[in-house]
Each structure stands twice: as structure tokens, then as C-alpha cells.
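# Coordinate inspection notes
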Amino acid sequence: MALWTAFGLGRGQATTSWPRRGGAEAAGQAGVETLPRLDPAKCTDGCSRCAEVCLPQAITLAGADEKMRLNLDLGRCIGCRLCIEACPSGAFTASTSFEYAVRGRDALRRQPIQDQTAGEAAARADVVRRRFRGSLHIRHLDAGSCN
Amino acid sequence: MRGADELRLAADALPAAARSLHEGGGKMQMAYAWFPDTGRAEVCYLAAPGAGRPFQLWRVSEAGALPSLSDCWPLLSWYERETHDLCGIEFAGHPEPLPLVLHEGAAPVAPPLSPEYPRAAAVDYSPQPPAIPKVLGPDVQELPWGPVVADVVESSQQIFFYLGEHILHHRPRLFFKHRGMEKRFQGVDPMLGMVLAERVSGVGSASHALAYCQAVEAAAGVQVPPRAAWLRCLLVELERLYNHLHYFGMLAEATTLKVGGAEGKLLEERLKQVNGRLTGSRFLRNLLCPGGLRRDLEIPYDFVRMLSGVQREASDYLDNLERTHSYLDRLLTTGVLPRQIAFDQGATGPVERASDLRRDLRRDHPYAAYDELDFEVPTRTAGDANARAEVRAEEIVASFALVFHLVTRLPEGSVRTDCRPEPGSEGLGWCENPRGALFYALHVGADGRLARVKIKSPSFSNWRVFPYTVHDTNMMDFAINQASFGMTVAGCDR
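Here the residue index of a chain counts from 1 through its sequence in written order. Chains carry letters from A onward and ligands carry numbers from 1 onward, assigned in written order. With the structure being a predicted model, the display of local features is reserved for residues of pLDDT at least 70 and the display and counting of side-chain atom pairs for 80 or more, all residues being used for whole-chain, interface and lining totals. By convention in this description, side-chain values take in all heavy atoms of the structure and omit both hydrogens and water.

## Comments concerning the domain arrangement of chain B
All names here are of chain B.
- Boundary definitions for the domains trace back to an automatic or database domain assignment. Along its sequence, chain B is carved into domain 1 (4-131) and domain 2 (181-485).
- Domain 1 puts 32 residues into the contact, and the matching count from domain 2 is 28 residues.
- Defined here as a combined quantity, buried area equals the accessible surface (1.4 Å probe) lost by two parts on assembly, summed across both. Note on domain 1 versus domain 2: buried area summed over both sides is about 2,600 Å², and carbon and sulfur give 61% of it.
- Considering only the surface of domain 1 that becomes buried against domain 2, Phe55, Trp78 and Leu113 emerge as the three largest contributors, covering 23% of it.
- By convention in these notes, a salt bridge is any Lys or Arg side-chain nitrogen within 4 Å of a carboxyl oxygen on Asp or Glu. Our count for the domain 1 to domain 2 interface comes out at 2 salt bridges.
- The partner of glutamate 82 in a salt bridge is lysine 454, and the shortest N-O contact between them spans 2.7 Å. Whether two residues touch is decided by their heavy atoms; if any such pair falls within 4.5 Å, the residues are in contact.

## A closer look at the interface of chain B and chain A
- Counting from both sides, the interface comprises 42 residues of chain B and, opposite them, 31 residues of chain A.
- In total, chain B and chain A occlude about 3,000 Å² of area from one another, counting both sides; carbon and sulfur atoms represent 59% of this.
- For arginine 294 of chain B, the salt bridge goes to glutamate 85 of chain A, with nearest N and O atoms at 3.0 Å.
- Polar contact criterion, stated in full: a pair of N or O atoms within 3.5 Å, where within protein one must be able to donate a hydrogen and the other to accept it, and residues adjacent in sequence count only if both atoms are side-chain atoms. Scanning the region where chain B abuts chain A turns up 11 residue pairs in polar contact (both at pLDDT 80 or more).
- The helix count covers DSSP runs of H or I at least four residues long, the strand count covers runs of E at least two residues long, and both are numbered beginning at the N terminus. Elements that contribute at least two residues to the side of chain B that touches chain A include exactly helix H4 (194-197), helix H7 (258-279) and helix H8 (303-322) of chain B.
- Looking at the side of chain B that touches chain A, its residues break down into 16 nonpolar, 12 polar and 14 charged. Note on residue classes: Ala, Val, Leu, Ile, Met, Phe, Trp, Tyr, Cys and Pro are nonpolar, Asp, Glu, Lys and Arg are charged, and everything else, Gly too, is polar.

## Comments concerning unusual backbone geometry
All names here are of chain B.
- The amide bond that connects glycine 146 to the next residue, proline 147, takes the cis arrangement and shows omega of 10°.
- In this fold, proline 147 is placed in the loop between strand E9 (141-145) and strand E10 (157-163).
- The backbone of phenylalanine 175 shows a phi angle near 70°, a positive value even though the residue is not glycine.
- Inspection of the secondary structure puts phenylalanine 175 in the loop between strand E11 (166-173) and helix H3 (181-185).
- At aspartate 356, a residue that is not glycine, the phi angle is positive and equals roughly 70°.
- Structurally, the position occupied by aspartate 356 is in the loop between helix H11 (350-353) and helix H12 (361-364).

## Notes on the nonpolar core
- With 163 residues, the main nonpolar core has Tyr45, Tyr212, Phe248 and Tyr440 of chain B as its most contacted residues.
- There are two domains that each give this core at least three residues, and those are domain 1 (4-131) and domain 2 (181-485) of chain B.
- Those residues in contact with phenylalanine 248 of chain B, other than ones at most four positions away along the chain, are Tyr317, Leu318, Leu321, Tyr327, Ala389, Arg392, Ala393 and Ile396 of chain B.
- Buried Ala, Val, Leu, Ile, Met, Phe, Trp, Tyr and Cys residues that are joined via side-chain atoms within 4.5 Å together make up what is termed a nonpolar core. Each residue gets one of three labels from its accessible area relative to the maximum for its type: buried under 20%, exposed over 50%, partly exposed in between, using a 1.4 Å probe on protein chains only. Residues Ile84, Cys87, Phe92 and Leu108 of chain A belong to the second largest nonpolar core, which totals 19 residues.

## What about the sheet that holds strand E16 (residues 450-456) of chain B?
All names here are of chain B.
- Pairing is antiparallel across the open sheet formed by 3 strands, whose spatial order is E14-E15-E16. Both edges of this open sheet fall to strand E14 (426-433) and E16, since each of them pairs with a single strand only. The mean angle between the axes of side-by-side strands here comes to 15°, regardless of whether they run parallel or antiparallel.
- Strands were regarded as paired on the criterion that DSSP finds at least two bridges between them. Alignment of E14 against strand E15 (residues 436-444), held across 8 bridges, turns out to be antiparallel. Between N-to-C directions, angles span 0 to 180 degrees; the directions come from axes that are lines fitted to C-alpha atoms, helices contributing only their stretch in contact.

## As for the sheet that holds E10 of chain B
Residue and element names in this part refer to chain B.
- Ordered in space as E9-E10-E11, the 3 strands form an open sheet in which the pairing is antiparallel. At either end of the open sheet lies a strand with only one pairing partner, and these are E9 and E11. Strand-to-strand, the axes of this sheet are offset by a mean angle of 15°, without reference to chain direction.
- Here E10 pairs with E11 via 7 bridges, running antiparallel. Along E11, the bridge assignment pairs glutamine 158 with proline 172.

Put into C-alpha cells, the structure is as follows:
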């Protein structure tokens, strides 16, 4: 067992410096795409290709035929990128931003989502640290997640 | 169906055909049913007469009950039960005609996969106790463990009949995670279905998408460009790597080697980060499509360096595990799976290769660019947990070698070609997933949309086999043995 004890001590900590140092690089997630960002102003009249390819029906086009109002429900989105590829006018763009936790389901139904800045994330981490004096144990009840 | 030779059989010719396949040294892969427009169900059996020979699809038009083939091919027993539950087909003489996919107390208004089933209607269900044979005897205890269990694991119920430490009989009860994925495919545009395939089993996204896309390409009679074929091999080998490192992390954890468990999972995480940098997706999603890849990949300039670093650490890690007596002691002679049982009950992947069944779809029925690649297919004969681990350890070495070969010799050119399967076309696709043989059998409807997608998952196969290594063993070995199999529930349950 000396082997593994020495190994473990030699390895040290694997925890990343996020959010003390913000951004994907600090979290080890450089290049990882998250959910798409939407610019409804770029939506072309009469086109519905994005809604047609969206299998979870996260994209809705509502309103009268002159100007369709385009909406993306991030709570339904599975990040498959088909909308980004289908849109002829670039209304959907890929994003690597992931720092946008919200308080309730409803906040995901409307765009735009505001990202936290690194400063905001670090400030929040300080609050957690002060109130819980160390680690925050989040209980995870599994209803069927993949390993 | 393109991708397989076809045989149309009458129901009463099935037993003879099954015996003849057995005597000829072939293997039965799976069976399923679907509902063509004719109104009458058709039952399909996928047979593999031998390595290097085309698959065979036996097609039987159902009129009343079919004879069960479980006495000749025990592995078909679960497929027949699933086909009964989801398609309402009877199999006369089935040795265990019990519910499998729809639990006791489920009362669908029509067989869920039949066209009469009202779309998006929930199945009426009031929980009943499982219909399992009881083990009688003084002091025998029954323990139904799960489906909600501690830690982050998938939901399944493990039922034990035991006396103290001795397990007399074990039954896994699965399908708590049945999501009706095959039904969800119905009515979908074939060009979008890979999005669903990627989400059948999260850790098999690339291999599921590949088998699906190859089924569509077979139906459309299309070959992908060489660069796409090579990139596809790269993706599924990267998938094999992170899965196998996860496996060792879980196995070490199960033997209470905490640092060993953490290191395995850290190496898995490093590989997922490599995937994220290369493709934008840690789980290698959003790349494959029928016809090739949705976009080209640029290999990062430091990709080989990054991966070499992980390879060296993985190699040291596996060496350290092999020198750890407490870990080896728990694996040697644990959960022995004899060769004949592995064959009869349908074991697949590293599990079958650890029990001296030398089968690998990449070599026996090459797909993508595998016919251009040289690689080892490791096997063992002991069939114990240690053998199952050793097979995967050697597969890690082989996969690293393949990945380096693939990235340094990628052909130039386009990554996508046109692919439009005609209405009424059918195709078979397959892939050697990290857990074993994976098949997608696909039927396109008259409207050009998917009419039926059947998914044969390696975890479905191995969950059936697993209890044979548990009966008559002891409680202490159970979790380690289960970890040594390395199955998912999501792939099995769909």
C-alpha cells in the first residue's frame, strides 16, 4: 500500500482553479461547446429550418407571418448544433460559455442568458466559503443518470 | 435489407434453421419485430454465419405464435420476451415467459411499438411484485437491492436469494430506465436520427451514432469519403479509451483502492478534455451524420503530445494496478464465466473475449476504415474478473496505437457525401462499442421517414449473462464482479 500512498501524495490535488481563475481554460474545458446563442434580429422572414431540425422542440417561432419571433428554450436544448448548421442567416452561434447558472426553470425559457463574469463567480465562491466554511456537499439523488 | 443477406422463412422452418446455424459454427445475434404497412408484423432474426461472411437476416411473417428458439439459442430468450412485451408477439414454448421490458402491472392499450399505440400516451402502470421464481428453504433471505442506490450509478434492481454470505440465486431487474428510444425514432427524418442515437447511452454516443449512420448509408447505398471513414475510427477509438479508463477507476474503487479509483477517473477526465478540445464535445457528439461527418476536424498541433502524456500515465497506472496484491486478490478467480455459457447466453465484447471467444466486429466484419488498419484483439481464457480487466488493459494499449496511427496518416479530402435513403429502403449498421457488439437495423417508411429502428446493445447481451457468474458465489464479490463486467443500464434499457 506504500506504493499507492506515495503515488497519491506525489500526485497532489487534481482540483482546478476555477472560479478563482475564470473561464474554460481554468476549468480544463477549453474548446468544449455548450448551448447555442441566439440573435433573433438575424432571423429571416418565412424561414423555419431551425424549428424543423430541433428534435426536443426547444425552438419556437411565434407570431404573425410578417416577422416571426424566434425563441430558444435552453431548458429543452440538448446542444446538438443542428440549428447552427441549418440557419441560413447566422441567427444561431456556437458558444463555449458555461457560466450562466440560473435560479429557476423559467429563466431558461427566454434569451438572452447573462453569463457571470469571472469576478462574479469568484465573489459567489467566497460567499459559499464563508457561510459553509469549507466544502459544500451537494446531495445527488440519481433518477437514472449515465455513469 | 442492405448490409445483410436475406432469407424469408416460414415460422415452422425456424427451428431447423436455428439448429443448422449452430451446427455450422455460426452465431445468432438478435431478434426483433416491426410492423410494415401490410398490417401484419414481421419478425427478423440476425444471424452471423461466420467471421468474414455476410450477416443473414431471417424474415418471418407473423401469423399467430412463432416457435421459441431459446432451447437452441438461449441468448434469444430475452429478445423474444422483449418482442412479446413491445410488439405483442407470442413465442410458443418459451422457457421463461415473464415480463422483461414492461414491468409487472404495466397495461398498455396496445403493444407499444405497434402503429395502433396512441402516440405520446403514457402506459398505464400500477407496480406489482416481480414475477420471479422463489428460492425456498429454511432461513433463505431475499434482498431486493435498488432501484435507487447510493452513489452516482444507474437505476437497476438486483434481487438476491442468499444465506449469510452465500448467494444462492441472483436476478437483475432492469428496464427501470426504459425510455422508449426505439419508438422515439419513428417518424423522424433519417438525416436527424443520429441525434437520438447519440443519446441512447451517453458513454456510447460515438459508437451508437456510427452504427446508426452506417445503417442509413447502407439503406441509401452510399460510401463515405476516406477522410470521413478514418475520422470515424478516430472518434470511436477515443471513445473506447475514456470508457476503459473509467472502467479501471470503477474497478479499483470497487476493490477499495481509493487512490487507484481516483487516478482512473482522472485519466478518464483528461481524455474527455482531449475530446473536448478536438471536437467541441467531451462525449464526441454532434459530429457524425449519414454521409460522413457534419464538419471537418482540425487536429490541434499539440494533440499527439497531449495524448502521449495521457498514454504514459495510463501505462504507469495499469502497471501499478498489476502490482497491487489487494486488488488482484479480489479479481483472480472471481465471477468465472465459462466459455460455453458465454457463447450460449450471448456474451459480447471484452467479457466474451476474456472467456476465450475471439470475436471483434472491427476485425470480423470491418466497417469504416478498419479494413485498412492493423490492430490487436486481445483475448484470455480464464474468464474471471481479472481476465476481463486484462483484456481491457490490452485494448487500451491497442487503442492508443490506433489513435496515433489515425491522426498521423489521415487522408485529405471531403468528409461528407450526399445520402438520401429511399422510401422503403432498409439498412444494417454495426460497431464494436467499448462494451461489445452494437447493431442498428433500420427500416425507412413509405413517407421517407424512419419506420423502425432496432438497437442491439452490448449491455443488453451482457446483463443476461452476468447472473451466471453470480449464482452460488458470495456477497463480498458481487460489486467487484459487476464492476469487472462494465455494463451500462441505459444501453440495455433504451
